Amino acid sequence: MKFGYTIIYVPDVAASLRFFETAFGLKQRFLHESGTYGELDTGETTLAFAAHELGEMNFPGGHVAAHQSAQPLGFEVAFVTPDVAAAHAVALSAGAVEMVAPVQKPWGQIVSYLRCPDGVLVELCTPVGG
């Protein structure tokens, strides 16, 4: 078994791709002509976005729309960076909402938490042990 990709259902795929490009410096790899599915170039494992209407097709019982939830959903996307404070500031200027400002954990790692306009919870962190 190999972890292949993560798909996050969002209200506007193109807007999420643009936000992640601006806030986190990731580049768009693909956007389907329908606008309902897109991917970021994130290395070996793909981070993708799909429109809620695709989620409605895939999950007849419905799904929770992160952007409509008052609290962040119980999962996060984490990006490792050597300068959490700088990356955090860039994401805030791009429109993210601060959940937790950069803080050093007891094991030495620096982390922060942001919520994106599409509701996605993002952790910015230094490498573990670094």
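Our structure is the block above this text.
Cut-offs and rules
- Residues numbered from 1 in each chain as written.
- Predicted model: local features only at pLDDT ≥ 70, side-chain atom pairs only at ≥ 80, totals over all residues.
- Heavy atoms only, no water.
- Helix = DSSP H or I, 4+ residues; strand = E, 2+ residues; numbered from the N terminus.
- Polar contact = N/O pair within 3.5 Å; in protein donor to acceptor, adjacent residues only side chain to side chain.
- Contact = heavy atoms within 4.5 Å.
- Axes fitted to C-alpha atoms, helices over the stretch in contact; angles between N-to-C directions.
- Parallel < 35°, antiparallel > 145°, perpendicular 65-115°, else oblique.
- Nonpolar A, V, L, I, M, F, W, Y, C, P; charged D, E, K, R; others polar.

Draft legend 1. Just the side chain of Gln109, in detail. With respect to the helices and strands, the residue Gln109 is situated in the loop between strand S6 (97-104) and strand S7 (110-115). At 2.7 Å, the side chain of Gln109 forms a polar contact with the backbone oxygen of Thr126. For Gln109, the contacting residues outside a window of four places in its chain are Val103, Gln104, Cys125, Thr126, Pro127 and Val128.

Draft legend 2. A look at the packing of helix H1 (residues 13-24) against helix H3 (residues 84-94). Where H1 contacts H3, the two axes come as close as 8 Å, and the packing angle between them is 140°. With respect to H3, the axis of H1 lies oblique. Along its contact with H1, which presents Phe19, Thr22, Ala23 and Phe24, the element H3 presents Ala87, Val90, Ala91 and Ala94. Along the lines of polarity and charge, the residues of the contact of H1 with H3 split into seven nonpolar, one polar and no charged.

Draft legend 3. Fine view of the environment of His88. Position of His88 among the secondary structure elements: in helix H3. Once the C-alpha coordinates of His88 and Tyr5 are considered, the two residues, 83 residues apart in sequence, prove to be 24 Å apart. Apart from residues no more than four positions distant in its own chain, His88 is found in contact with Glu98, Val100, Ala101, Pro102, Ser112, Tyr113, Leu114 and Leu124. A polar side-chain atom of His88 sits 2.8 Å from a polar atom in the side chain of Ser112.

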